[in-house]
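Fold and contact review
Here is what each chain is made of, one letter per residue.
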Amino acid sequence: MPFLMGEHWDCIVIGGGAAGFFAAIECGQQAPAGSSILILEKSSKLLGKVKISGGGRCNVTHHCYQAKELTKNYPRGEKSLIGPFHRWGAEQTVQWFEDRGVSLKVEKDGRMFPITDDSNTIIKCLLEAARSANVTIRTSVGVSRIQSVEETPSSVDSKNSREEEEGDSQVNFRLTASSGRGDSANDSVFTCQKLLIATGGTRLAAGAKLATQLGHTLAPAVPSLFTMNIEDERLSDIPGISVERALLRVKGSKLRSEGPLLVTHWGLSGPAILKLSAWGARELHERDYQFELIVNWLPNQDVATQLENTRTNWGKRTLQAHSPFPELAKRLWTSLVLAAGIEEQTTWAQLTKPQTQALVRELSEAHFPVTGKSLNKDEFVTCGGVLLKEIQMKTMQSKILPDLYFAGEVMDIDGITGGFNFQNAWCSGYHAGQHMALSLMATNI
Ligand SMILES: Cc1cc2nc3c(=O)[nH]c(=O)nc-3n(C[C@H](O)[C@H](O)[C@H](O)COP(=O)(O)OP(=O)(O)OC[C@H]3O[C@@H](n4cnc5c(N)ncnc54)[C@H](O)[C@@H]3O)c2cc1C
């Protein structure tokens, strides 16, 4: 099919999210004067996820300035991100916002937020930076089709005639976009020299399919960062109870995680569960989210010895009145004592050997049947996306088509909660933007 003429741009970024903005700004700042850069966003709102992120506060990045340490928070992408983070880590992100008048603060757990505690501060900053970098933005324009000019022999004539018309500017891609009115009469055509796909997570977004139109392969999308549904008497009366540190394992698997654990109305949540869900995203999906979770409520403690000591020293006290574990909320302790088949009024001296063993099991390896998952409302991401072996991680350039780039969650990279997913968006956006600018410079010399 011959190519139709369309609006021509030096660089088009598909997706007006964190990664797309960062790339467009960087490209606009570094590219030769007069370069034309366009963001196409299918929805009517820009930076929609930034707005709702972190409960409306936007957890911009994480206070971890060592590249290698930082990568340990990415179940997908860990090794591939070491190089990119060396050149654009959390420190550079913090400095970038600082240079534009946005100060970030660190919370106790390392998450970093704007000092205003308002995601609008980040949105305003990105919009202003895009304006200063002369980036043009169009909303309500969803790209539905991309063709690579090189890949279509029948297009060569029209490519040449287009080049003549455009002077030196190269046409490498042709995009068809719709205004979302469901009417092909409103389709617009764009052409460009450099193209960045930054369409976000691949689970629901058809955006990622654009990459497959250009020969790329997607790792199948499955949810990451979810909470676990458990119907169990031990938990049903104690929602809201948390422990600061629990060790979780999945029966019949190497999966494990450690951290704060929260009992909810529907099961278990908290950082330890979210971490487990991220590292186990694929494996747990394959098990259809039906598995046995083993909880150690008191990791690194010799529970049996502590129970024995309490029996010796506090024989006359009841188990209900005297728990040897101040780190367990009283209601959780009572629930586990009952689950071990022990009456609340039993004294420590009355505790039988089998009861003690049952209590040790409840405290340090309690089995819970997981029957499903719920999405974490504060932050959820997709595991899956464009295969990293098809991307040059130094430049975010496609290994299939050198004028094509990727950034953000559309790639097969995702992090645990804590600001890591935005850090990937800023970092990959930065590298893609830089390289697009450099190569625009090279072609325009
Ligand atoms: C509720 C929630 C809270 C979160 N909170 C945090 C947090 O606090 N910290 C953190 O690090 N991460 C957080 N995340 C994850 C983070 O938001 C994402 O990882 C990040 O937004 C990815 O950036 P992106 O630019 O790759 O994709 P997105 O932000 O998803 O942007 C992609 C954009 O592309 C557009 N698009 C898609 N297809 C097309 C198309 N065909 N044509 C044109 N445009 C298209 C989409 O409309 C979208 O605007 C949160 C996620 C959710 C859902």
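Residues numbered from 1 in each chain as written. Predicted model: local features only at pLDDT ≥ 70, side-chain atom pairs only at ≥ 80, totals over all residues. Heavy atoms only, no water.

**Notes on the packing of aromatic side chains**
In the structure shown here, the tally under the stated rule is 14 aromatic pairs. Ring centres of Tyr74 and Phe420 lie 6.0 Å apart, and the angle between their planes is 80°; on these two criteria the pair is classed as edge-to-face. With Tyr74 in the loop between helix H3 (67-71) and helix H4 (82-87) and Phe420 in helix H15 (residues 420-444), the pair connects residues that are 346 residues apart, well separated along the chain. Overall, Phe420 belongs to the buried group, its relative accessible area being 2%. A network of ring pairs unites the aromatic residues Phe22, Trp88, Trp96, Phe97, Phe422, Trp426 and Tyr430 as a single cluster. Sitting over the face of the ring of Tyr289, Lys373 holds its NZ or CZ atom 4.7 Å from the ring centroid. (Phe/Tyr/Trp six-rings, centres within 6.5 Å; stacked < 30°, edge-to-face > 60°. Helix = DSSP H or I, 4+ residues; strand = E, 2+ residues; numbered from the N terminus. Buried < 20%, exposed > 50% of the residue type's maximum accessible area, 1.4 Å probe, protein only. Lys NZ or Arg CZ within 6 Å of the ring centre and 35° of its normal.)

**Section: the pairing of strand S5 (residues 111-114)**
Taken together, the two bridges between strand S3 (residues 61-62) and S5 define a ladder with antiparallel strand orientation. The residue of S5 that forms the bridge with His62 is Arg111. Alignment of strand S4 (residues 104-106) against S5, held across three bridges, turns out to be antiparallel. Note that in S5 the partner of Leu104 across the bridge is Pro114. Between S4 and S5, which follow one another and run antiparallel, lie four residues, and Gly110 among them has a positive phi close to 95°. (Pairing = 2+ DSSP bridges.)

**Some remarks on the site of the ligand**
Within the structure, the ligand sits among 33 residues, and Ala19, Glu41, Asp378, Glu409 and Phe422 are positioned closest to it. In the environment of the ligand, a nitrogen atom lies 3.0 Å from a nitrogen or oxygen atom belonging to the backbone of Asn59. Mapped by element, the contributors of at least two residues to the shell around the ligand are helix H1 (18-30), helix H2 (48-56), strand S7 (142-148) and H15. (Near = heavy atom within 4 Å. Polar contact = N/O pair within 3.5 Å; in protein donor to acceptor, adjacent residues only side chain to side chain.)

**Re the packing of H2 against helix H6 (residues 119-132)**
Running from N to C, H2 and H6 point in directions that differ by 155°, and their axes come no closer than 8 Å. With respect to each other, H2 and H6 are oriented roughly antiparallel. Relative to H6, the crossing made by H2 is right-handed. Residues Val50, Lys51 and Gly56 of H2 touch H6, and the partners they reach there are Ser119, Asn120, Ile122 and Ile123. Considered class by class, the residues forming the contact of H2 with H6 number three nonpolar, three polar and one charged. (Axes fitted to C-alpha atoms, helices over the stretch in contact; angles between N-to-C directions. Parallel < 35°, antiparallel > 145°, perpendicular 65-115°, else oblique. Left-handed = near helix turned anticlockwise from the far one by under 90°. Contact = heavy atoms within 4.5 Å. Nonpolar A, V, L, I, M, F, W, Y, C, P; charged D, E, K, R; others polar.)

**Things to note about the pattern of salt bridges**
All chains considered together, the criterion is met by 17 salt bridges. In this structure, Arg57 and Asp117 form a salt bridge, with 2.8 Å as the shortest nitrogen-oxygen distance. With Arg57 in the loop between H2 and S3 and Asp117 in the loop between S5 and H6, this residue pair connects regions lying 60 residues apart in the sequence. When its relative accessible area of 21% is taken as the criterion, Arg57 is described as partly exposed. The partner of Asp109 in a salt bridge is Arg111, with the nearest N and O atoms 2.9 Å apart. Overall, the relative accessible area of 27% leaves Arg111 in the partly exposed class. Residues joined in a network through salt bridges with shared partners are Arg57, Lys105, Glu107, Asp109, Arg111 and Asp117. (Salt bridge = Lys/Arg side-chain N within 4 Å of Asp/Glu carboxyl O.)

**Considering the sheet that holds strand S15 (residues 291-296)**
Spatial ordering of the open sheet is given by S16-S15-S12-S13-S14-S11-S17, a layout of seven strands whose pairing is antiparallel. Edge strands, defined here as strands with exactly one partner in the open sheet, are strand S16 (366-370) and strand S17 (372-375). Averaged over all pairs of adjacent strands, the angle between strand axes in this sheet comes to 40°, irrespective of strand direction. Both strand S13 (residues 256-263) and strand S14 (residues 267-269) contribute to a ladder of two bridges, which runs antiparallel. For Val263, the partnering residue across the bridge sits in S14 and is Leu268. Packed on one face of the sheet, helix H10 (residues 271-279) meets strand S11 (226-229), strand S12 (242-250), S13, S14 and S15 and runs near 135° to S13.

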